Amino acid sequence: DKSWNLAEVASPGARFGPSMAYDSVRGRVVLFGGEGAQGSFLGDTWEWDGKVWTRVAAEGPIARAHAAMSFDSRIQRVVLHGGRSLTAGVLDDTWFWDGSKWQSVLAKSVGGRFNHAMAYDSLRGVTVLHGGNNTDLELDDTWEFDGKGWKKVFAGSNGPGARQGHAMAYGSLQKQLLLFGGET
């Protein structure tokens, strides 16, 4: 079907800057956090099964917005990184969602950031993260996560350039990552 359809179902509620990824193993869309009414930050986890939204996981990452999230099919986990929190500021943490609970993976990793983009490269088996903002400036670095740790792979003139608010996805037919847009 090549048209948009409004899903008339109960939803997680209005929010700005949530994170979302599709868990292809479990067949669920996972949504986390965002900014709610009056600038409140949300720390709730929701799943969409194609028919209904269900709130899941009482404990997990602190409330945040503008984090990056993708699904790593090799380790069969949703990976969440960074974002901005009302209480902790710009975050530099990495979390796994396995469908029943959140697990903190790394307290520090690529440097605190929000409004960054992340996608899973299934050909190489790594989650790729690019750019974002650390409050002072837009970032121009690219990192890869192998399920255990982050490794810097590009910075400066070697990558797409500093930006925030961009989108990134992996094309399995093209066997490449596509990055689009953003603000500098």
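How each quantity is defined
- Residues numbered from 1 in each chain as written.
- Predicted model: local features only at pLDDT ≥ 70, side-chain atom pairs only at ≥ 80, totals over all residues.
- Heavy atoms only, no water.
- Pairing = 2+ DSSP bridges.
- Helix = DSSP H or I, 4+ residues; strand = E, 2+ residues; numbered from the N terminus.
- Axes fitted to C-alpha atoms, helices over the stretch in contact; angles between N-to-C directions.
- Contact = heavy atoms within 4.5 Å.
- Core = buried A, V, L, I, M, F, W, Y, C linked by side-chain atoms within 4.5 Å.
- Buried < 20%, exposed > 50% of the residue type's maximum accessible area, 1.4 Å probe, protein only.
- 1 Å grid on protein atoms, 1.4 Å probe; cavity = no way out; pocket = protein on both sides within 12 Å on 5 of 7 lines; lining within 4 Å.
- Points joined across faces, edges and corners; volume = space filled by probe spheres on them.

A. Region of interest: the sheet that holds strand S11 (residues 142-145). Strand order in the open sheet made by the four strands is S9-S10-S11-S12, with antiparallel pairing throughout. Strand pairing shows two members of the sheet lacking a second neighbour, strand S9 (117-121) and strand S12 (150-154), which therefore form its edges. Each neighbouring strand pair of the sheet contributes to a mean axis angle of 30°, computed without reference to strand direction. One ladder, built from five bridges, connects S9 with strand S10 (residues 126-130); its direction is antiparallel. In the strand pairing of S10, Asp 121 is matched with Val 126.

B. Quick peek at the side chain of Gln 164. With respect to the element layout, Gln 164 can be found in the loop between S12 and strand S13 (167-171). Residue contacts for Gln 164: discarding those within four places in its chain leaves Phe 114, Asn 115, Gly 132, Asn 133, Glu 138, Gly 182 and Glu 183.

C. Representation of the nonpolar core. Grouped together as the largest cluster of nonpolar side chains are twelve residues: Ala 21, Val 30, Phe 32, Val 56, Ala 67, Met 69, Phe 71, Val 78, Leu 80, Trp 95, Trp 97 and Trp 102. At the level of secondary structure, the elements contributing two or more residues to this core comprise strand S2 (28-35), strand S5 (68-72), strand S6 (77-85) and strand S7 (89-97). If sequence neighbours within four positions are ignored, Leu 80 has contacts with Ser 19, Phe 32, Pro 61, Arg 64, Ala 67, Ala 68, Met 69, Asp 93, Thr 94, Trp 95, Trp 102 and Met 118. Ranked by size, the runner-up nonpolar core spans nine residues in total, among them Phe 96, Val 110, Met 118 and Leu 129.

D. Structural context of the layout of surface pockets. Space inside the largest pocket adds up to approximately 430 Å³. Looking at the largest pocket, it is lined by 25 residues, and the ones nearest its centre are Met 69, Ser 70, Met 118, Ala 119 and Met 168. Elements with a minimum of two residues in the lining of the largest pocket: strand S1 (19-23), S5, S9 and S13. Reported here for the second largest pocket is a volume of approximately 160 Å³. In terms of lining residues, the second largest pocket is bounded by 14 residues, among which Val 128, Thr 142, Phe 154, Pro 160 and Leu 177 are the most central. Elements with a minimum of two residues in the lining of the second largest pocket: S10, S11, S12 and strand S14 (176-180). Broken down by element, the lining of the second largest pocket gets its largest block of residues, three residues, from S14.

E. Spotlight on the pairing of S9. Counting buried positions over the five residues of S9 gives five, a clear majority of the element. Both faces of S9 are covered, namely the face carrying Ala 117, Ala 119 and Asp 121 and the face carrying Met 118 and Tyr 120. Between S9 and S10, which pair antiparallel and follow one another directly, the connecting turn spans four residues, one of which, Gly 125, has a positive phi of 70°.

F. Layout of the pairing of S5. With five of its five residues buried, S5 lies for the most part within the structure. By the alternation rule, side chains of S5 split into Ala 68, Ser 70 and Asp 72 and Met 69 and Phe 71, which are all buried. Pairing analysis gives five bridges linking S5 to S6, with the strands arranged antiparallel. Across the sheet, Ser 70 pairs through a bridge with Val 79, a residue of S6.

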